[in-house]
Amino acid sequence: MNEPLAEMFRYNRWATATLIAACRDLPDGVLDARPPGISGTIRQLLLHMAGGERTQVLRTMGRQHEGEPTRSSPWPGFDALAAMAEASSGELIAIAARLDGEPSVDLPWAGRTYRYPVSFFLVHALEHGVEHRTEIKVALAQAGVTTPDLDGWFYARAMGYGGEVTRDVG
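Quick caveat, the model's predicted, so the values are computed rather than measured.

What counts and what doesn't
Residues numbered from 1 in each chain as written. Predicted model: local features only at pLDDT ≥ 70, side-chain atom pairs only at ≥ 80, totals over all residues. Heavy atoms only, no water. Phe/Tyr/Trp six-rings, centres within 6.5 Å; stacked < 30°, edge-to-face > 60°. Buried < 20%, exposed > 50% of the residue type's maximum accessible area, 1.4 Å probe, protein only. Helix = DSSP H or I, 4+ residues; strand = E, 2+ residues; numbered from the N terminus. Expected span 1.5 Å × (residues − 1). Contact = heavy atoms within 4.5 Å. Polar contact = N/O pair within 3.5 Å; in protein donor to acceptor, adjacent residues only side chain to side chain. 1 Å grid on protein atoms, 1.4 Å probe; cavity = no way out; pocket = protein on both sides within 12 Å on 5 of 7 lines; lining within 4 Å. Points joined across faces, edges and corners; volume = space filled by probe spheres on them. Nonpolar A, V, L, I, M, F, W, Y, C, P; charged D, E, K, R; others polar.

**Student:** Break down the packing of aromatic side chains for me, citing the residues and quoting the values.
**Tutor:** A complete count under the given rule lists 8 aromatic pairs for this structure. Note on Trp75 and Phe78: the rings are 5.1 Å apart at their centroids and 75 degrees apart in plane angle, and the pair reads as edge-to-face. Residue Phe78 is classed as buried on the basis of its relative accessible area of 10%. For the ring pair Phe120 and Phe121, a centre distance of 5.3 Å and an interplane angle of 65 degrees mean the geometry is edge-to-face. Residue classification places Phe120 among the partly exposed positions, given a relative accessible area of 36%. Relative accessible area serves as the criterion here: at 2%, Phe121 is assigned to the buried category.

Printed below as a string of structure tokens:
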């Protein structure tokens with residue numbers, strides 16, 4: 001079991017869920033605006049994040065492009081988006097937890113097949129989430145919306161980590 005790696009994906013799940021919750025009640029004008037320097041609207045980026053995680057899960061199995069949502073997919077609503085993100089995050093946690101050694105996977109693309117270490121798709125999933133959560137936070141800040149703090153210390157608090165330790169002095 002690779003619990004330290006799985007913990008990184010538990011953080012990823014928490015950060016994405018926290019950001020989705022922060023966006024849930026925002027007006028359409030904020031969700032559909034595309035501020036300068038941001039690669040899409042908040043709705044597009046949230047959908048892209050959920051779809052991207054699903055793509056990385058599939059790639060760890062040598063598959064991809066099986067109908068996972070993209071930026072241009074129809075907006076499913078926040079409940080469906082949160083469910084998609086939760087499902088793919090759970091799968092990434094499970095993949096990370098059972099990762100032992102450095103297995104590889106063959107991935108077909110455009111009539112050819114390429115070999116990748118499974119860990120690469122996990123790295124890509126983590127980086128992709130951080131990149132687009134940051135873009136969304138910047139877009140929210142530009143719209144004057146207070147953004148959630150996704151720092152690891154807030155994750156630790158949410159998970160109940162860091163309780164004070166008392167020691168008997170004798």
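**Student:** Give a description of helix H1 (residues 3–23) that names residues and reports values.
**Tutor:** Between its terminal C-alpha atoms H1 stretches 30 Å, which fits the 30 Å expected from 21 residues at 1.5 Å a residue. Inspection of H1 places Leu5, Ala6, Phe9, Asn12, Trp14, Ala15, Thr16, Leu19, Ile20 and Cys23 among the buried residues, and these make up the whole buried set. If you follow the buried residues of H1, they end up packed against helix H2 (28–31), helix H3 (42–59), helix H4 (78–98), helix H5 (118–142) and helix H6 (152–159). At the N-terminal boundary of H1, the capping side chain belongs to Asn2, with an oxygen 3.3 Å from the backbone nitrogen of Leu5.

**Student:** So what's going on with the layout of surface pockets? Residues and values would help.
**Tutor:** In this structure, the largest pocket occupies an estimated 160 Å³ of space. Lining the largest pocket are 13 residues; nearest its centre among them are His48, Gly51, Gly52, Thr55 and Arg59. Breaking the lining of the largest pocket down by element, the ones donating at least two residues are H3 and H5. The greatest single-element share of the lining of the largest pocket, amounting to 6 residues, is contributed by H3. Partitioned by chemical class, the residues of the lining of the largest pocket number 1 nonpolar, 9 polar and 3 charged.

**Student:** Before we move on, could you go through H4 and cite the residues and values that matter?
**Tutor:** Taking 1.5 Å as the rise per residue, H4 with 21 residues should run 30 Å; its terminal C-alpha atoms sit 30 Å apart, in good agreement. Of the residues making up H4, those classed as buried are Phe78, Leu81, Ala85, Ser88, Ser89, Leu92, Ile93, Ile95, Ala96 and Ala97. Buried residues belonging to H4 abut H1, H2, H3 and H5.

**Student:** Got a sec to walk through the side chain of Thr16? Specific residues and values, please.
**Tutor:** The topology assignment puts Thr16 in helix H1. In this structure Thr16 touches Met49, Glu53, Ala85 and Arg133, once residues within four positions along its chain are discounted.

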